[in-house]
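Now for the letters of each chain:
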Amino acid sequence: MRIALYPGTFDPITLGHIDIIRRAARMVDRLVIGVAINRDKGPLFSLEERVALIEAECVQLAEETGVEIVVHPFENLLIDCARDVGAQTIVRGLRAVSDFEYEVQLSNLNRTMNPKIESIFLSPDEKYSFISSSVIKDIANHGG
Ligand code: COA
């Protein structure tokens, strides 16, 4: 069974994340959305709210793709979470060149810790290239 883990803080999930989930779902039998508790980032939405928002989106995505999509909160190392959920692959989104350096560092560190789990990168539709959760919150906060 092909299982992939798509991790993030998802504070909140955006159309850009959904675009990546849809693309990743085409490649696997089960997609696990790993929701990092990430207390250091001081999320606006509680873990329960972030999970509920993702689950609400994933019902339709699962029907659309015919793939099992599971939401899994985690607080340990990403690479250990991937092992725990049985994922062979970690999926990350690459929106622009600026994401690249950080993502390569992350994937190299993760590979050092567990060479059996591979990272793959998917790029969202270009109309979502400049979306981030912070920007969405900022616009909403200012009435946009
Ligand atoms: N569409 C829209 N936004 C996207 C996106 C996409 N396709 N891809 C990334 N983003 C945005 C996110 O919304 C986020 O925005 P924000 O900073 O404004 O909130 C930003 O890009 C960064 O996203 P991401 O790189 O996914 O960071 P994250 O905080 O969501 O998640 C973890 C990072 C959870 C993967 C990382 O912290 C981690 O692995 N934690 C576990 C601990 C660990 O293993 N550490 C060692 C790593 S070697």
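Residues numbered from 1 in each chain as written. Predicted model: local features only at pLDDT ≥ 70, side-chain atom pairs only at ≥ 80, totals over all residues. Heavy atoms only, no water.

Q: A description of the overall build of the protein chain should follow, citing residues and the corresponding values.
A: On a plain count of helices and strands, the protein chain comes out with 5 helices and 5 strands. Relative to the compact-globule value of 15 Å for 144 residues, the protein chain shows a C-alpha radius of gyration of 15 Å, a close match. For the C-alpha atoms alone, the extent of the protein chain along its principal axes is close to 45 × 35 × 30 Å. Residue pairs at least 24 apart in sequence account for 79% of intrachain contacts in the protein chain once pairs closer than 6 positions are excluded. Of the roughly 8,300 Å² of accessible surface on the protein chain, 53% is carried by carbon and sulfur atoms. A gap of 4 Å separates the mean positions of the 15 positive and 21 negative side-chain charges of the protein chain. (Helix = DSSP H or I, 4+ residues; strand = E, 2+ residues; numbered from the N terminus. Rg over C-alpha atoms; globule rule 2.2 N^0.38 Å. Contact = heavy atoms within 4.5 Å. Areas by Shrake-Rupley, 256 points an atom, 1.4 Å probe, with all protein chains shown as cover. Lys, Arg positive; Asp, Glu negative; His and termini not counted. Charge placed at Lys NZ, Arg CZ, Asp CG, Glu CD.)

Q: For the pattern of salt bridges, give the residues involved together with the corresponding values.
A: Under the defined criterion, the tally for this structure stands at 10 salt bridges. Across the salt bridge formed by Arg2 and Asp29, the nearest N and O atoms sit 3.4 Å from each other. Of this pair, Arg2 sits in the segment before strand 1 (3-8) while Asp29 sits in the loop between helix 1 (15-25) and strand 2 (30-36), and the two are 27 residues apart along the sequence. According to the relative accessible area criterion, Arg2 is partly exposed, its value standing at 45%. (Salt bridge = Lys/Arg side-chain N within 4 Å of Asp/Glu carboxyl O. Buried < 20%, exposed > 50% of the residue type's maximum accessible area, 1.4 Å probe, protein only.)

Q: Break down helix 2 (residues 47-65) for me, citing the residues and quoting the values.
A: With 19 residues, helix 2 ought to run about 27 Å at 1.5 Å a step, and its terminal C-alpha atoms sit 26 Å apart, in line with that. Along helix 2, the sharpest change in direction is near 30° and occurs at Cys58. For helix 2, the complete set of buried residues consists of Leu47, Arg50, Val51, Ile54, Cys58 and Leu61. Packing partners of the buried residues in helix 2 comprise helix 1, strand 2 and strand 3 (68-74). Positioned one or two residues after helix 2, Gly66 has a phi angle of 70°, which is positive. (Expected span 1.5 Å × (residues − 1). Bend = angle between axes of the 7 residues up to and from the residue.)

Q: How would you summarise the sheet that holds strand 4 (residues 89-93) if you had to cite specific residues and measurements?
A: The sheet built from 5 strands is open, its strands ordered 3-2-1-4-5 with parallel pairing. Either end of the sheet is taken by a strand with one partner, and the two such strands are strand 3 and strand 5 (118-122). Averaged over all pairs of adjacent strands, the angle between strand axes in this sheet comes to 30°, irrespective of strand direction. Note that strand 1 and strand 4 share 2 bridges and pair parallel. Bridge pairing in strand 4 places Leu5 opposite Ile90. Against the sheet, helix 2 makes contact with strand 2 and strand 3, and its axis sits at roughly 165° relative to strand 3, the strand it touches most. The strands that helix 4 (residues 97-113) touches are strand 4 and strand 5; relative to strand 4, the one it contacts most, it runs at about 170°. (Pairing = 2+ DSSP bridges. Axes fitted to C-alpha atoms, helices over the stretch in contact; angles between N-to-C directions.)

Q: Mind laying out the packing of aromatic side chains, listing which residues take part and the relevant values?
A: All chains considered together, the criterion is met by 1 aromatic pair. Ring centres of Tyr6 and Phe10 lie 5.5 Å apart, and the angle between their planes is 75°; on these two criteria the pair is classed as edge-to-face. Each member of the pair, Tyr6 together with Phe10, is buried. (Phe/Tyr/Trp six-rings, centres within 6.5 Å; stacked < 30°, edge-to-face > 60°.)

Q: Please give an account of unusual backbone geometry that cites residues and values.
A: Going from Asp11 to Pro12, the amide bond is cis rather than trans, its omega being 0°. Tracing the backbone through its elements, the reader meets Pro12 in the loop between strand 1 and helix 1. The backbone phi angle of Phe10 is positive, close to 50°, even though this residue is not glycine. Positionally, Phe10 belongs in the loop between strand 1 and helix 1.

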